[in-house]
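This is what each chain is made of:
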Amino acid sequence: MSSPNISRKRRAAVIGAGPVGCLAALMLAKRGWEVSLYEGRSALDPRSSLFKSAAKQRSINLAISHRGIAAMHAIDGSMAQRFMQTAIPMKGRMIHHLDGKLYSQLYDRDGQCINSIDRALLNEYFVDQVSASENIRVFFRHKVQTVDFESKNITFENMNTSRKTTASFDFCVGADGSYSVVRRQLMRVVRMDYQQEYIKHEYIEFKMPASQDNEGHLNFALDPSHLHIWPRRSYMFIALPNQDHTFTCTLFAPSEELDRLDTQNIFLNWFKSNFPDALLAIGEKNLINDYTHNPRSPLICTKSNPYHYKDRAILLGDAAHSMVPFYGQGLNCGLEDVRILDVLLSQESVMSTVSERTVDREDERLMRALSRYSQERHKDLLAIAELAMANYVEMRHLVTTPIYLARKALDNLLYTLSSPQYRSLSYLNMVLSSELYAENEPKGWLPLYTLVTFRPDVRYDTVRRTVARQSAILTGVGYVGAAVLLGVAGVWMSYATRSRYR
Ligand code: FAD
């Protein structure tokens, strides 16, 4: 019979070695848990030759910003710093008009940037970190099939042996992406609200090669300090820079539009008339090659609630919430999930070791932390899903309209007049403390993009409310401005009419 005083480490099973699963594994290992990380693909093992090709199944690169960086910092500051050395900072959007004119819109008045990172590099980096951790064992080619949350057992298909294997856990983290098996299993025991929507747009990726000067040096074909956008009302083309001087480009368009472009010639002519300068930089042959070989991928948006089950399971990252990629927040938000869970585990004093005597108390604490996670996080996840959807209209159309530009100018003017100067780093430091977010609403006037992207101390739901309030003021100011202009025009016209008949 075991003594009630003998303590043992608690076992966490993390499913999915994407960036969110890896960060969750690192966070739990740092807290002293014994972590097993299970990944269905072998391809995520950087030592495998399949690694790169599997990482390319989705966008090759993505933009990481302060929320994601702050989450990485919170778990391991030096890891975040090292990783960011591989990123390319982008200070603004470069709008490409049809007539070839370029227009730069900076993301932030103080020069804060978002960062283009290579998805494969990010995965490789995370997998290296977890593999080096003493408390983490990584199992590739282990595909979760079922989870029994009552007996706390997982069944896998072990693809190395083609046999079923099982493993037990105290705490299970589902970070297995948009089509999560853990979520499906949880829905059998939790009364979970779940919603899934495919938007009517798809995306295709293209590669813009580096250009070469006379001496054979490679150069970027476009300015690498911008995220390039070709907004064309119902569709758009974007380009993000890579370390090797190429750009990864993505065409987002309604499925109906893409159906119509069913031969290489029709597509080429359509592309030429919509994105002539992009075609020059990509080249006809490369464009057609990518169009023929790269998949048309769907864009899915999922919402769930709650995210946990009792004291034993939680969903994080895309497994809990997939959003459309138009705010560049999907990954940032998933990494932030890990930071929030970390803070709640601290606040509820959840221990990583238990003895027979303490196990009930520890289960209680873990349950409180998980339940607070579902309560705290849900409104933020709804808010960012909504903001991401709205940003698509802004990116593909509004950015070129005079009303948008006038509002943006006013927004920036109010920002400059009302907000105290700050340095981005101070906000990163703030979220490293044990608080979920800064307690109060942000001070002064802050543009939406700045709040979403550069202020990890402000929760997404507060962003939505703050911006709704500011937006009402901007509309009011717009109406007053228009009324004043109309009044001035009226007075001037009546004066001009009277003086003509005098
Ligand atoms: P994933 O990256 O999907 O990882 C899940 C892992 O679980 C995978 O490795 C998978 O193999 C594994 N797995 C799945 N099922 C099982 C199973 N049964 N058993 C074991 N393992 C399993 N976000 C940003 O922040 N910025 C951007 O600029 C950005 N751009 C994007 C562009 C596009 C076109 C798209 C589609 C998304 C973009 N995103 C962006 C979103 C971002 O890619 C995701 O939010 C992020 O990858 C989610 O990470 P994750 O770890 O939760 O899930």
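Provided above is the structure to which this section pertains.
A brief structural summary. (Residues numbered from 1 in each chain as written. Predicted model: local features only at pLDDT ≥ 70, side-chain atom pairs only at ≥ 80, totals over all residues. Heavy atoms only, no water.)

**Brief notes about the overall build of the protein chain**
- Within the protein chain, the regular secondary structure consists of 16 helices and 23 strands.
- Over its C-alpha atoms the protein chain spans a radius of gyration of 25 Å, differing by no more than 12% from the 23 Å that the globule rule assigns to 502 residues.
- Its C-alpha atoms give the protein chain principal-axis dimensions of roughly 110 × 55 × 45 Å.
- Across the 502 residues in the protein chain, those meeting the buried criterion constitute 53%.
- The contacts in the protein chain between residues at least 6 apart in sequence include a share of 72% that link residues at least 24 apart.
- Side chains of the protein chain carry 60 positive and 52 negative charges; the gap between the two charge centres is 3 Å. (Helix = DSSP H or I, 4+ residues; strand = E, 2+ residues; numbered from the N terminus. Rg over C-alpha atoms; globule rule 2.2 N^0.38 Å. Buried < 20%, exposed > 50% of the residue type's maximum accessible area, 1.4 Å probe, protein only. Contact = heavy atoms within 4.5 Å. Lys, Arg positive; Asp, Glu negative; His and termini not counted. Charge placed at Lys NZ, Arg CZ, Asp CG, Glu CD.)

**Topic: the pairing of strand β19 (residues 247–254)**
- Counted residue by residue, β19 has 8 buried out of 8 residues, so it is predominantly covered.
- The side-chain alternation of β19 yields two buried faces, one formed by Phe247, Cys249, Leu251 and Ala253 and the other by Thr248, Thr250, Phe252 and Pro254.
- By the bridge criterion, 8 bridges tie strand β14 (residues 193–208) to β19 in an arrangement that is antiparallel. In the strand pairing of β19, Lys207 is matched with Thr248.
- Sheet topology places strand β18 (residues 235–241) next to β19; 6 bridges connect them, and they run antiparallel. The residue of β19 that forms the bridge with Phe237 is Leu251.
- Following β18, the chain reverses through 5 residues before pairing antiparallel with β19; His245 in that reversal takes a positive phi of roughly 75°. (Pairing = 2+ DSSP bridges.)

**Remarks on the site of the ligand**
- As a matter of local geometry, the ligand sits amid 31 residues, with Glu39, Ala63, Arg119, Asp318 and Leu331 nearest to it.
- The side chain of Glu39 places a nitrogen or oxygen atom 2.6 Å from an oxygen atom of the ligand.
- Within the contact set of the ligand, an oxygen atom lies 3.4 Å away from a backbone nitrogen or oxygen of Gly330.
- When the free accessible area of the ligand is taken as 1,000 Å², the share hidden by the protein chains comes to 89%.
- Listing elements by their share of the shell around the ligand, those giving two or more residues are α1 (19–30), β4 (61–64), β10 (142–148) and α11 (330–347).
- By residue class, the composition of the shell around the ligand is 13 nonpolar, 11 polar and 7 charged. (Near = heavy atom within 4 Å. Polar contact = N/O pair within 3.5 Å; in protein donor to acceptor, adjacent residues only side chain to side chain. Areas by Shrake-Rupley, 256 points an atom, 1.4 Å probe, with all protein chains shown as cover. Nonpolar A, V, L, I, M, F, W, Y, C, P; charged D, E, K, R; others polar.)

**Details of helix α4 (residues 77–84)**
- Among the residues of α4, Met79, Ala80, Phe83 and Met84 are the ones counted as buried. Buried positions in α4, seen along its axis, are confined to an arc of 125° and lie on one side of it. (Arc of directions from axis to C-beta.)

**Examining the sheet that holds strand β5 (residues 88–90)**
- The sheet built from 3 strands is open, its strands ordered β4-β8-β5 with antiparallel pairing. The outermost strands of the open sheet, each flanked by one partner alone, are β4 and β5. Across the sheet, the mean angle from the axis of one strand to that of its neighbour is 35°, orientation sign disregarded.
- In the sheet, β4 pairs with strand β8 (residues 114–118) via 4 bridges, with the strands oriented antiparallel. Within β8, the residue paired with Asn61 across the bridge is Asp118.
- Taken strand by strand, helix α5 (residues 119–132) contacts β4 and β8, and its axis lies near 80° from that of β8. (Axes fitted to C-alpha atoms, helices over the stretch in contact; angles between N-to-C directions.)

**Things to note about the packing of aromatic side chains**
- In total, this model carries 27 aromatic pairs according to the counting rule given.
- An angle of 90° between the planes, with centres 6.2 Å apart, marks the rings of Tyr307 and Tyr373 as edge-to-face. With Tyr307 in the loop between β20 (297–305) and β21 (308–309) and Tyr373 in helix α12 (residues 359–396), this pair connects stretches of sequence that are 66 residues apart. Per residue, the accessibility class of Tyr307 equals that of Tyr373, and both read buried. (Phe/Tyr/Trp six-rings, centres within 6.5 Å; stacked < 30°, edge-to-face > 60°.)

By themselves, these figures tell us nothing about what the structure is for.
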